[in-house]
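Topology and contacts: notes
Spelled out from the first residue to the last, the chains are:
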Amino acid sequence: MSIDEIKKLDIKDRIILMNEIWATLESEDLKIESPSWHEDILKERIENINNNNAKYISLEELKAK
């Protein structure tokens, strides 16, 4: 099925298709590693939280960005 064919489906059928694709991925034993920079960012964020240097914003502020 091409992207153009998918775009022609109504939203309900696209969601069903997406769920079916996701189910095929979940059933496979995939070993996909996150890139190393993900770990670096998480460590930095945890360090900021532990040192009381984390900056928090509201959901409204986030949506406005």
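Bear in mind that the values here come from a model prediction, so they are computed numbers and not experimental data. Once a new chain begins, its residue numbering starts again from 1 and follows that chain's sequence as written. Two thresholds apply to this predicted model, a pLDDT of at least 70 for residue-level local features and 80 or more for giving and counting side-chain atom pairs, whereas whole-chain, interface and lining totals are computed over all residues. Note that the side-chain values use all heavy atoms of the structure and ignore hydrogens as well as water.

**Quick notes on the overall build of the protein chain**
Within the protein chain, the regular secondary structure consists of four helices and zero strands. For the protein chain, the α and β elements follow one another from N to C terminus as α-α-α-α. With C-alpha atoms as the basis for the radius of gyration, the globule rule is written as 2.2 Å multiplied by the number of residues raised to the power 0.38. Here the C-alpha radius of gyration of the protein chain, 19 Å, is well above what a compact globule of 65 residues would show, namely 11 Å. Dimensions of the protein chain along its principal axes, counting C-alpha atoms only, are 50 × 35 × 15 Å. A buried classification covers 0% of the 65 residues belonging to the protein chain. Here the open area of atoms and residues is found with the Shrake-Rupley method and a 1.4 Å probe, where only the protein chains shown may cover a residue. Looking at the protein chain as shown, the accessible area adds up to about 6700 Å², and 56% of this sits on carbon and sulfur atoms. Helical segments are the DSSP runs of H or I of at least four residues, strand segments are the runs of E of at least two, and each set is numbered from the N terminus. Summary of the burial criterion: residues with accessible area below 20% of their type's maximum are buried, those above 50% are exposed, and those between are partly exposed, where the area comes from a 1.4 Å probe applied to protein chains only.

**Notes on the environment of Lys12**
Tracing the backbone shows Lys12 in helix α2 (residues 11-27). The spacing of Lys12 and Leu62 is 50 residues in sequence and 29 Å in space, taken between C-alpha atoms.

**Some remarks on helix α3 (residues 36-50)**
In this model α3 runs 21 Å from its N-terminal to its C-terminal C-alpha over 15 residues, within 8% of the 21 Å that 1.5 Å per residue would give. Looking one or two residues past α3, Asn52 carries a phi angle of roughly 55°, positive in sign. Multiply 1.5 Å by the residue count of a helix minus one, and that product is the helix's expected span.

**A closer look at a nonpolar patch on the surface**
A cluster of nonpolar side chains, namely Ile21, Trp22, Leu25, Leu30 and Ile32, defines an oily patch on the protein surface of about 550 Å² accessible area. Mapped onto the secondary structure, Ile32 falls in the loop between α2 and α3. The class for Ile32 is exposed, based on a relative accessible area of 73%. Excluding any residue in a salt bridge, patches collect residues exceeding 30% relative accessible area, merging like charges within 9 Å and nonpolar Val, Leu, Ile, Met, Phe, Trp and Tyr side chains within 5 Å. By convention in these notes, a salt bridge is any Lys or Arg side-chain nitrogen within 4 Å of a carboxyl oxygen on Asp or Glu.

**With respect to the pattern of salt bridges**
Enumeration according to the criterion identifies one salt bridge in this entry. The closest approach of N and O atoms between Glu39 and Lys43, which form a salt bridge, is 3.1 Å. You can see Glu39 and its partner Lys43 sitting in helix α3, four residues apart, about one turn around the helix. Residue classification places Glu39 among the partly exposed residues on the basis of a relative accessible area of 45%.

Taken by themselves, the reported measurements are silent on function.
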